[in-house]
Amino acid sequence: MRLIILLVVFGWSIFTAFSQELVTDKTASSISFKIKNFGFNVDGTFNEFITSSNFNTNNVKEPFFNVKIGVESIFTDSKARDKHLLDSDYFDVDTYPNIVFESSSIKKISTSKYLLKGFITMKGIQKRIETVLDVSTSKTSVTILASFSLNRKDFGIGGSSLVLAKEVNITMKYVGV
């Protein structure tokens, strides 16, 4: 009986060691974007987001990487523009307060690169995306970098503006400890 209990405890500890969620280092993690408006680059960030991940380069059997972004935390260094972006013709924050990304798979490509597949939902519209993750690890943390582009019109953001580019470039840096 002791042997069974010992095996169950050992098995459970191995399982939880490989499936533990990382804690986000909020001071080192960021989500930023860049889009052209009137031919000029507009840089912005989302300052409030929650990330859940159990990513571990030693065990990529069932990893996940999910992000929930508070749209109201958008910052472009212009209070008037930020307020306008929350309106219904852009993010419609009253109806859709969050942007959500949920991973469906993470596959190793090379020593430090992984292919992330998943779904992003904005304004109630869900689209499948893929991006390459650049991953570096230390004894105490994992850093994940990703860059990808989205067509804002696919999500009904910005209407039919002729001065706003369709393509939005997104860069994410995640540091988990």
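Note that this is a predicted model, so its numbers are computed, not measured. (Residues numbered from 1 in each chain as written. Predicted model: local features only at pLDDT ≥ 70, side-chain atom pairs only at ≥ 80, totals over all residues. Heavy atoms only, no water.)

This part covers the environment of L22. Within the secondary structure layout, L22 lies in the loop between α1 (2-19) and β1 (30-37). Along the chain, L22 and S52 lie 30 residues apart, while their C-alpha atoms are 7.1 Å from each other. Not counting the four nearest positions on each side in its chain, L22 is found in contact with S53, F55, V142, Y174, G176 and V177. (Helix = DSSP H or I, 4+ residues; strand = E, 2+ residues; numbered from the N terminus. Contact = heavy atoms within 4.5 Å.)

Turning our attention to the nonpolar core. Of all hydrophobic cores here, the largest spans 40 residues; its most connected members are F91 and I144. When residues of this core are traced back to their parent elements, those giving at least two are β1, β2 (40-46), β4 (65-70), β6 (98-108), β7 (113-122), β8 (125-137), β9 (142-151) and β10 (167-176). The element that contributes the greatest number of residues to this core is β9, accounting for five residues. Contact partners of F91, with chain neighbours within four places excluded, come to F46, V71, I74, L85, L86, Y96, I99, M122, K123 and I157. (Core = buried A, V, L, I, M, F, W, Y, C linked by side-chain atoms within 4.5 Å. Buried < 20%, exposed > 50% of the residue type's maximum accessible area, 1.4 Å probe, protein only.)

Looking at the protein chain as a whole, its pLDDT mean stands at 88, while 88% of the residues score no less than 70. Looking across the protein chain, the model is least confident in α1, with a mean pLDDT of 38, and most confident in strand β5 (residues 74-75), with 98. (pLDDT = per-residue confidence, 0-100.)

Let's shift gears to the layout of surface pockets. Estimated volume of the largest pocket: approximately 650 Å³. Contributing to the lining of the largest pocket are 36 residues, with F33, F46, F91, V168 and I170 lying nearest its centre. Among the elements that take part in the lining of the largest pocket, β1 stands out by supplying five residues, more than any other. The residue inventory of the lining of the largest pocket, partitioned by class, reads 27 nonpolar, six polar and three charged. (1 Å grid on protein atoms, 1.4 Å probe; cavity = no way out; pocket = protein on both sides within 12 Å on 5 of 7 lines; lining within 4 Å. Points joined across faces, edges and corners; volume = space filled by probe spheres on them. Nonpolar A, V, L, I, M, F, W, Y, C, P; charged D, E, K, R; others polar.)

Let's shift gears to the sheet that holds β1. An order of β3-β4-β6-β7-β8-β9-β10-β1-β2-β5 is seen for the 10 strands of this open sheet, with the pairing classed as antiparallel. Both edges of this open sheet fall to β3 (49-53) and β5, since each of them pairs with a single strand only. Note: β9 against β10, 10 bridges, orientation antiparallel. Note on β10: the bridge partner recorded for I144 is Y174. (Pairing = 2+ DSSP bridges.)

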